[in-house]
Amino acid sequence: MNACARVWVLHREGQAAFADFCLAHYVPPGPKKEALLRRLDHLWGEIQGGVTMFTKCARVGLDLEEREITPTEQLLGAFTTGSHLEEDYRAFRIAPLVQLNFGTIRRDIPATRAGWAARRLAKWGRTAVPARLTAAAHKVESEVDAFITGYNLHLDRISFLDPTVRFPDGTRLISHWGLRDCLSACYGESGGLAKQRAIMGLLRQVVDGKVPETMIDNPAASWDQASGTITVDGVARRARGHGSLRMRQFRSLFHARRAIDPYRWEGNFLTETFEEERELPEVRVRALLTAILRAPVAARVGNVLANLLGRALEPFDIYCRRFAAGASAPLSNLMVAKRYPDAASLQRALPDILSRLGFAKELAGWISGKIRVEASRSAGHAWPPGAHYDIQLLRVRLSPSGVTYREFVTFMHELGHCVEGVLSSYRMDYRVLWGVPNSAISEAFAFIFQDRAAFALGEEDKPATPETALQHFWDAFEIAGSALVELDFVHWCYRHKGAGAAQMQCALRAIADRIWAKHYARILGRDGHGLLAVYSHMLWCELYLSNYPIGLICAHQLRHFLNDKSLGGELPRICAVGKIYPDAWMREALGRPIDAAPLIADATSALEVVSKPRFRAAPLAGLN
């Protein structure tokens, strides 16, 4: 009743009208209330599904590589049919109806599936953001997204400070994903160390705004870093960095989100993100992040990596993926490209890939039929179905000459999202329970599939090794720092609401340097080169980065559970749990809540059995 009263206030109608509404529309527990639950569940699903499908259609020109970004496509990409919905839910009294019968602020665990559906339905109509603010935010989101997907650098057009560094013609990489992955792929490559240092310097220039704006996605421009000049059409001029261009994107979106704050259930988007959307309080998320960052095993794992590489670690080694992978990729880019020349070939391969991963032939075919693979303008993303008649989208950036090994790994990551999206939707008992609790748990599925990339390509299925456990810990250790930077930065922005883009850029770099000094410097060197602030996710102002380390923690727990089980046999049951609270989901699916301890413990145990290295690095600071 209190939830309904809070919603009713915005109708500006008197107590008598409120009493009349309650008497007319309250349904006591029993068969009629169960029928109302089903009716509202179906209506909610149809509305949300329609909005999702319209949004997918509107954004095609911005999302797909085959489309040209024109002013028209930018205009269409900002369109949404959902901006007015919250106001309409109030105007047509759907919000009071839902809150009267199902509204609650309880966080206990419901005893039945219907109870879970009612708990999810209770969020419907609790807020009413004015349509003008929702539309304005969506427009800015579209503009920022276009900026991020368009921030590509042609490395073959850059003369680096080290003249030995050369990249092949056509090397066009998106910041940050493509630059990071290229750096990671250089291990074991002839001249790889020099390339890695060059890319690290480039990442630093991205963060500090020293990349010339003319170089962004411009194959006609050349940049000579030694002379500090940029040449276009044969004319050379002094290279000037783009300054706070990246932070201007963030700032515009931050203020668009802040404008909505007075209408949020929790009062601000930071608290709402964790309490309402992810249902993991920020204090809990911070505890999980710091458990990884402060784990004593981190420095020891770093020492193992230094021994493996035969040199002292450098900051970019935070991106190292070579604990167990050997000196080169399992399959060459040429071999992968020959098998998969384009998105259509990946589409055709879906049933066989899923069958190889343990899915029954019929189920593999059904899942594959619900997924559409497309070449993406961005690094890659998955977009779940909005309705029974919608389809799951799998998008990944593909090279014109065919799929590279790294692109296939990204494809497998997105396939994990997609399989989860299919299995947790079409056959779910309630529409409001479609999906998994939050993006972090969806990332866990993505990491599990990413692990199987080489196996999906036909390599032998190798059992997990101690080195694998070290890699899983190192991956979480790397991204936990950037997630913490993002959290601290958004808090800073709330404390300094009038800050300009240049101030924000300085603050972000200072926060990144502070967290680097606290958690990474003893292992990877004092100067972090701004790497903790380079993730482009930060510009979306969604606090998304923490989903990755939490997802890695959940993925490790999922790996343990699946250790002696079939991936294809277990995932349908696990995904059918649906969108309940995260810890409740983990208990029902895997038997225990979200916990970083198993990942840390397994890394610690792995250190006791790894083979002795050929090279003994000097002990890292902080080691006994």
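Residues numbered from 1 in each chain as written. Predicted model: local features only at pLDDT ≥ 70, side-chain atom pairs only at ≥ 80, totals over all residues. Heavy atoms only, no water.

**A few points about helix α12 (residues 245-260)**
Piece 1. Along its 16 residues, α12 runs 24 Å from first to last C-alpha, staying within 8% of the 22 Å computed at 1.5 Å per residue.
Piece 2. Buried within α12 we find Leu245, Arg246, Met247, Gln249, Phe250, Leu253, Phe254, Ala256, Arg257 and Ile260.
Piece 3. Tucked into the core, α12 has its buried residues touching α9 (131-150), α11 (192-208), α13 (269-278), α22 (466-495) and α23 (501-519). (Helix = DSSP H or I, 4+ residues; strand = E, 2+ residues; numbered from the N terminus. Expected span 1.5 Å × (residues − 1). Buried < 20%, exposed > 50% of the residue type's maximum accessible area, 1.4 Å probe, protein only. Contact = heavy atoms within 4.5 Å.)

**Focus on the packing of aromatic side chains**
Piece 1. Tallying each qualifying case throughout the model produces 25 aromatic pairs.
Piece 2. Each ring, one from Trp8 and one from Phe21, has its centre 5.2 Å from the other, and the planes form 40 degrees; the classification is tilted. Pair noted here: Trp8 is in helix α1 (residues 2-8) and Phe21 is in helix α2 (residues 15-25), with a separation of 13 residues, a long-range link. The same class applies to Trp8 as to Phe21, namely buried.
Piece 3. Its guanidinium or amino end placed over the ring of Tyr426, Lys370 lies 4.6 Å from that ring's centre, counting from NZ or CZ. (Phe/Tyr/Trp six-rings, centres within 6.5 Å; stacked < 30°, edge-to-face > 60°. Lys NZ or Arg CZ within 6 Å of the ring centre and 35° of its normal.)

**Focus: the pairing of strand β9 (residues 392-396)**
On a regular strand, each side chain points to the face opposite its neighbour's, so the side chains alternate between the two faces of the sheet.
Piece 1. The buried fraction of β9 is high, at 5 of 5 residues.
Piece 2. Alternating residues of β9 divide into Gln392, Leu394 and Val396 and Leu393 and Arg395, and every residue in both groups is buried.
Piece 3. Pairing of strand β7 (residues 371-375) with β9 involves 5 bridges; the strand directions are parallel. Bridge assignment links Ile371 to a residue of β9, and that residue is Gln392.
Piece 4. Judged from the 4 bridges that link them, strand β8 (residues 380-383) and β9 form a sheet pairing that is antiparallel. (Pairing = 2+ DSSP bridges.)

**Observations concerning the packing of α12 against α23**
Piece 1. Where α12 contacts α23, the axes come no closer than 9 Å and their chain directions differ by 105 degrees. What the angle tells us is that α12 and α23 run roughly perpendicular. Residues Met247, Arg248, Phe250, Arg251 and Phe254 of α12 form the contact with α23, whose own contacting residues are Ala501, Met504, Gln505 and Leu508.
Piece 2. A breakdown of the residues in the contact of α12 with α23 according to their chemical character gives 6 nonpolar, 1 polar and 2 charged. (Axes fitted to C-alpha atoms, helices over the stretch in contact; angles between N-to-C directions. Parallel < 35°, antiparallel > 145°, perpendicular 65-115°, else oblique. Nonpolar A, V, L, I, M, F, W, Y, C, P; charged D, E, K, R; others polar.)

**Let's talk about the nonpolar core**
Within soluble globular proteins, side chains that are nonpolar tend to cluster in buried spots.
Piece 1. Core analysis: the biggest nonpolar cluster contains 209 residues, and Phe359, Phe408, Phe411, Leu415, Phe473 and Trp474 have the highest contact counts within it.
Piece 2. Top element by residues in this core is α22. It accounts for 17 residues.
Piece 3. For Leu415, the contacting residues outside a window of four places in its chain are Leu350, Ile353, Leu354, Ile371, Leu394 and Phe449. (Core = buried A, V, L, I, M, F, W, Y, C linked by side-chain atoms within 4.5 Å.)

**Some points on α11**
Piece 1. The first and last C-alpha atoms of α11 sit 24 Å apart over 17 residues, in line with the 24 Å expected at 1.5 Å per residue.
Piece 2. Of all 17 residues in α11, 12 are buried, a share of seventy percent or more.
Piece 3. Within α11, burial applies to Gly192, Ala194, Lys195, Gln196, Ala198, Ile199, Met200, Leu202, Leu203, Gln205, Val206 and Val207.
Piece 4. Buried residues along α11 sit in contact with β1 (152-154), β2 (158-159), α10 (177-185), β4 (221-224), α12 and α23.
Piece 5. Taken from the residues just after α11, Gly209 is the one with a positive phi, measuring 70 degrees.

**What to know about the confidence of the model for the chain**
Piece 1. For the chain, per-residue confidence averages 93 on the pLDDT scale, and residues scoring 70 or more make up 96% of the total.
Piece 2. This model gives residues 613-624 a pLDDT under 50, and the stretch forms 20 contacts once residues within four places in sequence are excluded. (pLDDT = per-residue confidence, 0-100.)

**As for the sheet that holds strand β5 (residues 229-232)**
Piece 1. Read across the open sheet, the 4 strands follow the order β2-β4-β5-β6; overall the sheet is mixed. A strand with exactly one partner marks an edge of an open sheet, and here the two such strands are β2 and β6 (235-238).
Piece 2. The sheet contact formed by β2 and β4 spans 2 bridges and is parallel. Bridge pairing in β4 places Ile158 opposite Trp223.

**Comments concerning the side chain of Thr55**
Piece 1. Along the polypeptide, Thr55 turns up in helix α3 (residues 31-58).
Piece 2. Note on Thr55: relative accessible area 11%, which makes it buried.
Piece 3. A distance of 2.8 Å separates the side chain of Thr55 from the backbone oxygen of Val51, its partner in a polar contact.
Piece 4. Excluding anything up to four places from it in sequence, Thr55 contacts Thr80, His138 and Trp383. (Polar contact = N/O pair within 3.5 Å; in protein donor to acceptor, adjacent residues only side chain to side chain.)

**Brief notes about the pattern of salt bridges**
Piece 1. One pass over the full model with this rule turns up 39 salt bridges.
Piece 2. Here Asp390 ties to Lys56 by a salt bridge, and the two come within 2.9 Å at their closest N and O atoms. In this pair, Asp390 is assigned in the loop between β8 and β9 and Lys56 in helix α3, connecting sequence segments 334 residues apart.
Piece 3. The partner of Arg286 in a salt bridge is Glu282, with the nearest N and O atoms 2.9 Å apart. Taken as a pair, Arg286 and Glu282 lie in helix α14 (residues 282-293) at a separation of 4 residues, close to a single helical turn.
Piece 4. Arg286 gets classed as partly exposed once you look at its relative accessible area, which sits at 23%.
Piece 5. By sharing partners, the salt bridges in this structure join Arg59, Asp63, Asp145, Arg372, Glu374 and Arg395 into a single network. (Salt bridge = Lys/Arg side-chain N within 4 Å of Asp/Glu carboxyl O.)

**Structural notes on unusual backbone geometry**
Piece 1. Cis rather than trans, the peptide bond between Ser175 and His176 has omega equal to 5 degrees.
Piece 2. Considering the arrangement of structural elements, one finds His176 in the loop between β3 (172-174) and α10.
Piece 3. Phi at Glu279 takes a positive value of approximately 55 degrees, unusual for a residue other than glycine.
Piece 4. Looking at the element boundaries, Glu279 is found in the loop between α13 and α14.
Piece 5. For Glu279, a relative accessible area of 12% puts it in the buried group.
Piece 6. The backbone phi angle of Cys541 is positive, close to 55 degrees, even though this residue is not glycine.
Piece 7. Looking at the element boundaries, Cys541 is found in the loop between α24 (521-524) and α25 (547-562).

**So, the side chain of Glu420**
Piece 1. Looking at the secondary structure, you find Glu420 in helix α19 (residues 405-423).
Piece 2. Although Glu420 is buried, it forms no salt bridge, and the closest oppositely charged side chain is Lys579 at an N-O distance of 8.7 Å.
Piece 3. Apart from the residues lying within four places of it in its own chain, the contact partners of Glu420 are Gly435, Val436, Ser442, Phe445 and Cys575. (Lys, Arg positive; Asp, Glu negative; His and termini not counted.)

**A short note on the sheet that holds β9**
Piece 1. Read from one edge of the open sheet, 3 strands run β7-β9-β8, paired in mixed fashion. The sheet is open, and its two edges are formed by β7 and β8, each paired on a single side. When the angles between neighbouring strand axes are averaged without regard to direction, this sheet yields 15 degrees.
Piece 2. Its contacts with the sheet put α19 on β7, β8 and β9, and the angle it makes with β9 is roughly 170 degrees.

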